Amino acid sequence: MNQLIVDTPGQIDHMPLARMRRAPAPGRRCIAVGLIGPGRVGRVLLEQMRDARERLAQDLGLEIVFRGTAASQVMYIDDGDHFSGARRQGPFATHLDAFAEHIRGDGQAHALLIDCTASSQVVDHYAAWLRRGIHIVTPNKHAGSGPMGRWADIGAAQAHGARFRQEATVGAGLPILHTMRDLLDTGDQLWSVDGMFSGTLAWLCNRFVRGTRFSELVREAHALGYTEPDPRDDLSGMDVARKLVILAREAGWRLSLENVEVQSLIPAELTQATPAQFLQQLEALDAPMSDLLEQAHACGNVLRYVASLHAEGRATVALKAIPASHAFAHTQLTDNVVQFRTARYKENPLQVQGPGAGPEVTAGGIFADILRIAESLQATSAA
């Protein structure tokens, strides 16, 4: 199998290797950056950018100037402080268009907004920002999986020169969308996509063996912070369905969320319960999940929560019994994994696998998108 594995460092000490320095692009390029949603991922991203600033300036001739942060109730504005941390509260509450204009400034630097929220309302602004020449990078899944009309507007707005990238929406820091784009841009034909796109459900399936109760595993995952505050957000399968829609649209296929067949793991009687009530009644999951596990084991299979997309338009998200020899049966912990079957990779699919959750890897995926946009920018005269 053609496989790209993105893994975390092991316990072996490695001698550091000198990094080959790329020749800086002609001229100096400056990006003025604003962050919307300074949560865990946003804070880690700022740390990564701070740590890389000197290297990027020296190796790539790229200067990143941080100009502000917008949270739900307040904004903080930096007037060219270059990540100094000296911030003052902005005068315009949380008016996002005013914030975007501040980041754009006088237009002498390229402007880029990072949306680290999960807000559909923020996505409503994307097309207007792109038309004003502001680049956007986001892990927000509402852009690529929301209303088709809004997605079309985002695509059309990029004709004005600004770019939109969303690598971290699928697989956090894994190069899933980037790999698929490379296949399509070089003339390959996408036949199907199969993947495990939920670190939470991957962890639950990996741990769910005979002698364990599924309810206990869900409680453990919740306590460890692997699930959303309401575990039904994971168990419903809708988050995985959104990622499948994003993949389809990035491939140029018109797919909407309502077209995806989704198997929820939530018993019908618990769909209307409060989050607290749901956690108290998790035992309702045990009998049906144990039955499915026994049926899978009787055929020598294991259970995995798999998303599938086919060129003829069928999209499914479901708990599947797969052979123990299948590549998806050998993932670890919260691994995400995806297989691309194409005209070139028809017999032996191309696979991308690795950690698909966590603020560090998600921030790394966002940062990589920022740098991909930066590589295409022209030189600027001032910050």
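Definitions and cut-offs
- The residue numbering used here restarts from 1 in each chain and proceeds along that chain's sequence as written.
- pLDDT decides what is reported in this predicted model: residues at 70 or higher carry local features, side-chain atom pairs at 80 or more are listed and counted, and totals for whole chains, interfaces and linings draw on all residues regardless.
- The basis for every side-chain value is the complete set of non-hydrogen atoms in the structure, without hydrogens or water.
- Cavity: a set of points on a 1 Å grid over the protein atoms alone where a 1.4 Å probe fits but cannot get out. Pocket: an open set with protein on both sides within 12 Å along at least five of seven lines, its lining residues, like those of a cavity, having an atom within 4 Å of a point.
- Grid points are joined across faces, edges and corners, and a volume is the space filled by probe spheres set on the points.
- Labels follow the DSSP assignment, with helices taken as runs of H or I lasting at least four residues and strands as runs of E lasting at least two, numbered in each case from the N terminus.
- Classes in brief: Ala, Val, Leu, Ile, Met, Phe, Trp, Tyr, Cys and Pro nonpolar; Asp, Glu, Lys and Arg charged; the others, Gly included, polar.
- Under the pairing criterion, centres of Phe, Tyr and Trp rings, with the six-membered ring standing for Trp, must be within 6.5 Å; the plane angle then separates stacked pairs below 30 degrees from edge-to-face pairs above 60, leaving the rest tilted.
- Each residue is placed in one exposure class: buried if its accessible area under a 1.4 Å probe, protein chains only, is under 20% of its type's maximum, exposed if it is over 50%, and partly exposed if it falls in between.
- Side-chain atoms within 4.5 Å link the members of a nonpolar core, which is a set of buried Ala, Val, Leu, Ile, Met, Phe, Trp, Tyr and Cys residues.
- Every residue pair with non-hydrogen atoms within 4.5 Å of one another is taken to be in contact.
- Here an axis means a line fitted to C-alpha atoms, over the contact stretch when the element is a helix, while the angle between two N-to-C directions is reported on a 0 to 180 degree scale.
- Roughly parallel means an angle under 35 degrees; roughly antiparallel, over 145; roughly perpendicular, 65 to 115; everything else is oblique.
- Left-handed describes a crossing in which the near helix is turned anticlockwise from the far one by less than a right angle; the clockwise case is right-handed.
- Every helix has an expected span of 1.5 Å times one less than the residues it contains.
- Bend is computed residue by residue as the angle between axes fitted to the seven residues ending at the residue and the seven residues starting at it.
- pLDDT expresses how confident the predictor is about each individual residue, on a scale running from 0 to 100.

Draft legend 1. Region of the structure containing the layout of surface pockets. Estimates place the volume of the largest pocket at around 1200 Å³. The wall of the largest pocket is formed by 38 residues, among which Arg40, Lys141, Glu228, Asp239 and Thr362 lie closest to the centre. Of all the secondary-structure elements, those providing two or more residues to the lining of the largest pocket are helix H1 (40-60), helix H8 (199-207), helix H10 (232-235), helix H11 (238-250) and helix H14 (359-375). In terms of residue class, the lining of the largest pocket is built from 12 nonpolar, 18 polar and eight charged.

Draft legend 2. Layout of the packing of aromatic side chains. Using the criterion set out here, one finds five aromatic pairs in the structure. Seen in terms of ring centroids, Tyr126 and Phe164 are 5.8 Å apart; in terms of plane orientation they differ by 50°. Their pairing is tilted. Of the two residues, Tyr126 sits in helix H4 (residues 126-131) while Phe164 sits in strand S8 (residues 164-165), which places them 38 residues apart along the sequence. Ring centres of Trp203 and Tyr226 lie 5.3 Å apart, and the angle between their planes is 70°; on these two criteria the pair is classed as edge-to-face. Of this pair, Trp203 sits in helix H8 while Tyr226 sits in the loop between helix H9 (214-224) and H10, placing them 23 residues apart in sequence. Owing to a relative accessible area of 36%, Tyr226 belongs among the partly exposed residues under this scheme. Members of the aromatic cluster, connected to one another through ring pairs, are Tyr126, Trp129, Trp151 and Phe164.

Draft legend 3. Fine view of the nonpolar core. With 50 residues, the main nonpolar core has Ile176, Phe197, Leu204, Leu235, Leu247 and Phe340 as its most contacted residues. Among the elements that take part in this core, H11 stands out by supplying seven residues, more than any other. If we skip the residues at most four places from it in the chain, Phe340 touches Ile176, Thr179, Met180, Leu183, Leu190, Ser192, Val193, Leu247, Tyr345, Pro349, Leu350 and Val352.

Draft legend 4. Quick look at H8. With seven of its nine residues buried, H8 lies for the most part within the structure. Within the sequence span of H8, burial applies to Gly199, Thr200, Leu201, Ala202, Trp203, Leu204 and Cys205.

Draft legend 5. Seen up close, the packing of H1 against H14. Where H1 contacts H14, the two axes come as close as 9 Å, and the packing angle between them is 50°. Considering their axes alone, H1 and H14 lie oblique with respect to each other. You can see that H1 and H14 cross each other, and the crossing is right-handed. The segment H1 lies against H14, with Arg40, Val41, Val44, Leu45, Gln48, Met49, Ala52 and Leu56 engaging Pro359, Glu360, Thr362, Ala363, Gly364, Ile366, Phe367, Ile370 and Leu371. Here the residues of the contact of H1 with H14 are counted per class, giving 12 nonpolar, three polar and two charged.

Draft legend 6. Focus on H1. Across its 21 residues, H1 extends 28 Å between first and last C-alpha, which sits within 8% of the 30 Å expected from 1.5 Å per residue. The largest bend in H1 amounts to roughly 50° and is located at Ala52. Listing the buried residues of H1 in full gives Gly42, Val44, Leu45, Leu46, Met49, Ala52, Leu56, Asp59 and Leu60. A positive phi of about 65° marks Gly61, the residue just after H1.

Draft legend 7. Looking closely at the confidence of the model for the chain. Mean pLDDT over the chain: 88, with 87% of residues reaching 70 or higher. Within the model, pLDDT remains below 50 along residues 6-21, and this stretch shows 11 contacts once partners closer than five positions in the same chain are excluded.

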